[in-house]
Amino acid sequence: MEEFLQGLGMVAFTLLALTGLVVGALAGALTGRSKLLYALIGAVAAIATPFLLAALGITVLAAGGVLLVLVVGAVGAAVVVAIVRAVSRRV
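Every value quoted in this text rests on a predicted model; they were computed, and no experiment measured them. (Residues numbered from 1 in each chain as written. Predicted model: local features only at pLDDT ≥ 70, side-chain atom pairs only at ≥ 80, totals over all residues. Heavy atoms only, no water.)

For helix 2 (residues 35–55), built from 21 residues, the straight-helix expectation of 30 Å at 1.5 Å per residue is met to within 8% by its first-to-last C-alpha distance of 30 Å. A bend of about 30° at A48 is the largest found in helix 2, and the proline P50 appears one to four places after it. Residues of helix 2 that are buried include every one of Y38, A39, I41, G42, A43, A45, A46, I47, T49, P50, F51 and A54, and no others. Two residues or fewer past helix 2, G57 is found with a positive phi of approximately 100°. (Helix = DSSP H or I, 4+ residues; strand = E, 2+ residues; numbered from the N terminus. Expected span 1.5 Å × (residues − 1). Bend = angle between axes of the 7 residues up to and from the residue. Buried < 20%, exposed > 50% of the residue type's maximum accessible area, 1.4 Å probe, protein only.)

Now the structure itself:
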C-alpha cells in the first residue's frame, strides 16, 4: 500500500479529489439535490477507490498511469454517489 501511495504522488491525489468533486457536483446538479454534499461524497469516494483496489490486490492501476487512476476514481465516485442517491431516496 505504501508503494502505491508513493507511486501515486500528491499531484495525482489532488487530481483525484478534484475529479470526485466535479463528479459529485454534476450529480448534485442533475438530481437537484445538494451539490456540496454530493461533491464531498464524490471526492472521498474518488480518493478511496484506488486505495481499495490496491488493497484488494489490483496493482495494475499504478502501472496504468495517472489517467487510469483518474478514470477509476471518477467511476468509483459515480458509483458511490449513485448508491447514496438510491439509499437516500428511500429513506
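A few words now on the side chain of T49. Tracing the sequence through the fold places T49 in helix 2. Note on T49: relative accessible area 15%, which makes it buried. Discounting residues that sit within four places of it in the chain, T49 has contacts with V72, G76 and A77. (Contact = heavy atoms within 4.5 Å.)

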